[in-house]
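# A closer look at the structure
Next come the chains, spelled out residue by residue.
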Amino acid sequence: MALGINAVENKLSAISIEETNAVAQNDKQLVILLAHPNFKDSKANKALIDAVKGSNDVTVIDLYDAPFTLDTYKQVITEAGTVVFQFPFYWASAPSQLKKWCDEIFMGLTSIIKGKKLMVAATTGSEYEAYRSGGRNQFTMDELLRPYQLLANHSGMVWQTPFVVYGASLPTAPQSITEGAGAYKKRIDEFVK
């Protein structure tokens, strides 16, 4: 279920490391950490969130809207079996708020994230062919997302194949976004069923 920030704050409480370790992980729970600096005007990322927001086992937290405290994330991440970093991919990276979250919050969660799945869900303005060896961008998305795979490996998380919707800025974007949203829902449903 997609939760507004107030609902997330009400759901979460500060808990100690001992209590965190005592909480049983529910592999069916999934948290999406949305990092979009202008989500209200988004087409592609908004369509992805809209496709999954009806699921009772999915919590969405907007990193540009949620308080930047460890307590905001500790319980929801503890209860999740899968964490998804969702963002528009530009300038060969994620928006800065995700990096800030990794630097300031992620490190405080290292005692509770081991064994959890980590997946990146990204949207690109360019077409799929641009992200190939010899393509305009010279690298595949798998190659460009390696820092997140390293983060997963280093922290004991289980890296999942990234989910990417290509061409969100092209004339064919409406079709790509619609198809991408359907595929995203299917992929997320695989984690929570």
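Source: prediction; values computed, not measured.

On to the packing of aromatic side chains. Within this structure, the stated rule accounts for nine aromatic pairs. Each ring, one from Tyr131 and one from Tyr166, has its centre 5.8 Å from the other, and the planes form 50°; the classification is tilted. Residue Tyr131 is found in the loop between strand E4 (117–123) and helix H7 (141–144), and its partner Tyr166 is found in the loop between strand E6 (163–165) and helix H9 (173–192); the two are separated by 35 residues along the sequence. Per residue, the accessibility class of Tyr131 equals that of Tyr166, and both read buried.

Scanning the entire structure with this criterion turns up five salt bridges. One salt bridge in this structure joins Lys46 and Asp50, with 3.2 Å as the shortest N-O distance. Note that Lys46 and Asp50 are positioned in helix H3 (residues 44–52) at a spacing of four residues, about one turn of the helix. Each member of the salt-bridge network shares a partner with another, and the members are Lys46, Asp50 and Lys53.

Here we take up helix H4 (residues 70–79). Along H4, seven of the 10 residues are buried, which leaves the element largely enclosed by surrounding structure. Within the span of H4, buried status applies to Thr72, Tyr73, Lys74, Gln75, Val76, Ile77 and Thr78.

On average, residues of the chain carry a pLDDT of 87, and 87% of them reach 70 or more. Across residues 1–25 the pLDDT falls below 50, and counting only partners more than four positions away or on other chains, this stretch makes 51 contacts in the model.

Every regular strand shows the same layout, with side chains that alternate between the two sheet faces. Most of strand E3 (residues 80–88) sits out of view: nine of its nine residues are buried. Inspection of the sheet shows E3 paired to E4 by seven bridges, in the parallel sense. Looking across to E4, one finds that Phe85 is bridged to Val120.

Turning our attention to the side chain of Thr72. Take Thr72: it is sitting in helix H4. Reaching out from Thr72, the side chain makes a polar contact with the backbone oxygen of Pro67 at a distance of 3.4 Å.

All right, on to unusual backbone geometry then. For Trp91, which is not glycine, the phi dihedral falls at a positive 50°. Within the fold, Trp91 resides in the loop between E3 and helix H5 (96–104). Among the residues examined, Trp91 registers a relative accessible area of 83% and is labelled exposed. Residues other than glycine seldom take positive phi values, yet Ala92 does so here, at roughly 60°.

The rules behind these values
Note on numbering: residues in each chain are counted from 1, in written sequence order. pLDDT decides what is reported in this predicted model: residues at 70 or higher carry local features, side-chain atom pairs at 80 or more are listed and counted, and totals for whole chains, interfaces and linings draw on all residues regardless. Excluded from the side-chain calculations are hydrogens and water; all other atoms, namely the structure's heavy atoms, are used. Stacked, tilted and edge-to-face pairs are distinguished by plane angle, under 30 degrees for stacked and over 60 for edge-to-face with tilted covering the rest, among Phe, Tyr and Trp rings (Trp via its six-membered ring) whose centres lie within 6.5 Å. Each helix is a run of H or I in the DSSP string that is no shorter than four residues. Each strand is a run of E no shorter than two, and both are numbered from the N terminus. Working definition: with a 1.4 Å probe on protein chains only, accessible area under 20% of the residue-type maximum means buried, over 50% means exposed, and in between means partly exposed. A pair is scored as a salt bridge if a Lys or Arg side-chain nitrogen falls within 4 Å of a carboxyl oxygen belonging to Asp or Glu. For every residue, the predictor states its confidence as a pLDDT score lying anywhere from 0 to 100. Between two residues, a contact is recorded if the distance between any of their heavy atoms is within 4.5 Å. Any two strands between which DSSP finds at least two bridges are classified as paired. Polar contacts, as counted here, are pairs of nitrogen or oxygen atoms within 3.5 Å of one another; within protein the pair requires one atom able to donate a hydrogen and one able to accept it, and residues that are adjacent in sequence qualify only if both atoms are side-chain atoms.

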